[in-house]
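Take a look at the letters that make up each chain.
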Amino acid sequence: MKKRVSFYLPIALLTGLLVSCKVSQNASEKIIVLKNTSSLGLSQKAISIKRENIGENNIKGTFPILLFKTDTIPAQTNDFNSDEKWDELFFTVDFLPNEEKKLQLKWSDANPKFTVKTSVRFGKREGKNLPVHPDTQEVLMADQVHKKLGYQKYQTDGPTWENDKVGFRHYLDGRNSKDVFGKKLPGITPENVGINSKGAVEDNYHVMYDWGRDIFPVGNSVGLGGYALLIDNKINRLGILGNDTINNVEKTTFKIVAEGPVNSVLSYHYQNWKASENLYQVQETTSIWPGIYGYKNTVSIDGIKGKETFLAAISNLNNKNPLQVIEAGDWICLIQHDYLTYERQWILGTAILVPANIYQGYIEAPKTGQLTDSYLAKLRVDNKKEISYYAIAAWELSADKGFNDSVFFTNYVTNLAKQLSAKVKIEIK
């Protein structure tokens, strides 16, 4: 009897490409049965299958080849612990309501080279007069922040990540804010965004290009999807402001975990974050896949004493409209729609989706201090327990039209929340 493995996937079909490569033809080929258990149609639903659920004896090549009828579904494997052995098979699939799909899993030693729809970019320089070079990781000590160094070390102030809809960047220089790139085209943005022809760091992304530009003012907020801890009614920012010379995090370790056609993953570890005289160890993982106007962020904190509240942030700079708070599926959606861009030039919708089961309301950050100009969703936090949430940004000049309308954007966000809540049953035969 063939062994079957079944499980449910509570997380979020690209147009298939026929790939010309030799695939394995043996009895170990598997059938993956995916069942949409919801009455919703699902668009580019993210599917993650762990290596152990496929089985070591069934892995017969380097690259997975997933077939649905005559189409090849773009897929990739991710190695999360850098042991040169992949841990996860990742792909996205479209579903009709209650649809079941049977996918054939084969293997190839040739890279099928799918269309790239996600990317991470990280560049740094080792001295003020040295050119930027690409890298995949970084260690930043407390006294190596921008103001203390006297120059900006990082291309675009830190790593950028994007898909075919939108881009983001993280200020790795100690501020730990999340910024937004509006994209007018689905292609990956140029590699030289944030550097000039001599390889020096240059802020050249606040002007319009064919692909788009940085559109989101951050100021002293933590941007879209940054976070903090509320302790004894004090908001404790992870990191510092641009004029500070010493970080409140002793050691920050950044790494690009995965970069592939359908998924890119970034990791940040914050060692000895000092907040209200306590020390915390923080692990943050950011993931993006095609089709979604946003990214998924997952945070776990070691050192929680029980009096802390996690704060997920959405900058409200330039917002003059009321914040919408809507429950949809498993999520509470905090939604803004206004001329949220620089100088209120364009309409932008932003939102954060936080888990309804740990949501405790929201507060507004003050206009002065270490973290300002934000709505902050209050979430129950337990020691070492992961909190996952989503940050969403849709620009009126995005390739998909309609985001200039507030009702359209609200419907997009709430429908996305329901799709992210939908369960997919997975059976491996």
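Structure shown above.
Residues numbered from 1 in each chain as written. Predicted model: local features only at pLDDT ≥ 70, side-chain atom pairs only at ≥ 80, totals over all residues. Heavy atoms only, no water.

Peer 1: Could you clarify how one ought to interpret the overall build of the chain in this entry?
Peer 2: Regarding its fold elements, the chain presents 3 helices and 30 strands. On C-alpha atoms alone, the chain measures out to a radius of gyration of 22 Å, which is about the 22 Å that the 2.2 N^0.38 rule sets for 429 residues. Taken along its principal axes, the extent of the C-alpha atoms in the chain is 65 × 50 × 45 Å. Per-residue burial over the chain gives 58% buried out of 429 residues. (Helix = DSSP H or I, 4+ residues; strand = E, 2+ residues; numbered from the N terminus. Rg over C-alpha atoms; globule rule 2.2 N^0.38 Å. Buried < 20%, exposed > 50% of the residue type's maximum accessible area, 1.4 Å probe, protein only.)

Peer 1: In this structure, what is going on with unusual backbone geometry? I would like to understand it.
Peer 2: Excluding glycine, a negative phi dihedral is what most residues carry, and trans is how most peptide bonds are arranged. Its identity is not glycine, yet N176 carries a phi of approximately 55°, on the positive side. Locating N176 in the fold gives a position in the loop between β14 (166-170) and β15 (178-183). Looking at N176, the relative accessible area reads 5%, which means it is buried. In this structure, K384 takes a positive phi of about 65° despite not being glycine. As for its placement among the helices and strands, K384 is situated in the loop between β28 (374-380) and β29 (387-395).

Peer 1: Looking at this model, I keep getting lost on the environment of R175. Mind explaining?
Peer 2: With respect to the secondary-structure elements, R175 resides in the loop between β14 and β15. Looking at R175, the relative accessible area reads 19%, which means it is buried. Here the alpha-carbon distance between R175 and G242, two residues 67 residues apart in the chain, equals 6.7 Å. Each residue touching R175, except ones within four places of it in the same chain, is listed here: Q152, D157, R237, L238, I240, L241 and G242. There is a polar contact of 3.3 Å between the side chain of R175 and the side chain of D157. Side chain to side chain, R175 and D173 meet in a polar contact 2.7 Å long. (Contact = heavy atoms within 4.5 Å. Polar contact = N/O pair within 3.5 Å; in protein donor to acceptor, adjacent residues only side chain to side chain.)

Peer 1: What should I look at first to understand the sheet that holds strand β3 (residues 42-50) in this one?
Peer 2: Backbone hydrogen bonds hold the strands of a sheet together, and the pairing may be parallel or antiparallel. Ordered in space as β3-β7-β6, the 3 strands form an open sheet in which the pairing is antiparallel. Across the chains shown, the open sheet's two edge strands, defined by having one partner strand only, are β3 and β6 (75-78). Across the sheet, the axes of successive neighbouring strands diverge by a mean angle of 30°, strand direction being ignored. (Pairing = 2+ DSSP bridges. Axes fitted to C-alpha atoms, helices over the stretch in contact; angles between N-to-C directions.)

Peer 1: So what exactly am I meant to see when it comes to the packing of aromatic side chains here?
Peer 2: For any pair of aromatic rings, geometry is given as the distance between the ring centres together with the angle between the planes. With the rule as written, the count across this model stands at 24 aromatic pairs. For the pair W161 and Y295, a centre-to-centre distance of 5.3 Å together with 85° between the ring planes defines the contact as edge-to-face. A residue pair is termed long-range when its members are at least 10 positions apart, and W161 in strand β13 (residues 160-162) and Y295 in strand β22 (residues 294-302) qualify at 134 residues. In terms of burial, W161 and Y295 fall into one category: buried. (Phe/Tyr/Trp six-rings, centres within 6.5 Å; stacked < 30°, edge-to-face > 60°.)

Peer 1: Where do I start with the sheet that holds strand β16 (residues 212-214) in this structure?
Peer 2: The sheet built from 5 strands is open, its strands ordered β9-β13-β14-β15-β16 with antiparallel pairing. The sheet is open, and its two edges are formed by β9 (119-121) and β16, each paired on a single side. Strand-to-strand twist across the sheet, computed as the mean angle between neighbouring axes with direction ignored, equals 20°. Bridge count for β13 against β14 is 3 bridges, and the pairing is antiparallel. Of the residues in β14, the one forming a bridge with E162 is G167.

Peer 1: Can you help me understand the environment of L103 in this one?
Peer 2: On the secondary structure map, L103 appears in strand β8 (residues 100-108). Exposure remark for L103: the relative accessible area of 0% places this residue in the buried category. Here the alpha-carbon distance between L103 and I32, two residues 71 residues apart in the chain, equals 5.0 Å. Apart from the residues within four sequence positions on either side, L103 is in contact with K30, I31, I32, L34, L66, L67, F68, I73 and F91.

Peer 1: What am I meant to see in the pairing of β28 here?
Peer 2: As a general feature of sheets, a regular strand has side chains that alternate between the two faces. With 5 of 7 residues buried, β28 is to be regarded as a mostly interior element. In terms of strand pairing, strand β23 (residues 308-315) meets β28 through 7 bridges, oriented antiparallel. Paired with L311 across the two strands is K378, which belongs to β28.

Peer 1: What exactly am I supposed to notice about the pairing of strand β25 (residues 331-338) here?
Peer 2: With respect to burial, β25 is a largely interior element, 8 of its 8 residues being buried. Side chains of β25 alternate between two faces, with W331, C333, I335 and H337 and I332, L334, Q336 and D338 buried alike. Pairing analysis gives 5 bridges linking strand β24 (residues 324-328) to β25, with the strands arranged antiparallel. Following the sheet pairing, A328 is matched in β25 by W331. By the bridge criterion, 8 bridges tie β25 to strand β26 (residues 348-355) in an arrangement that is antiparallel. Across the sheet, I335 pairs through a bridge with A351, a residue of β26.

Peer 1: It is not clear to me how the pattern of salt bridges should be interpreted in this structure. Could you clarify?
Peer 2: Oppositely charged side chains can pair when the atoms bearing their charge come close. For the structure shown, the criterion picks out 21 salt bridges. As a salt-bridge pair, D179 and R169 come within 3.0 Å of each other at their nearest N and O atoms. Of this pair, D179 sits in strand β15 while R169 sits in strand β14, placing them 10 residues apart in sequence. Three or more residues joined by partner-sharing salt bridges are found here, namely D157, R169, D173, R175, D179 and D214. (Salt bridge = Lys/Arg side-chain N within 4 Å of Asp/Glu carboxyl O.)

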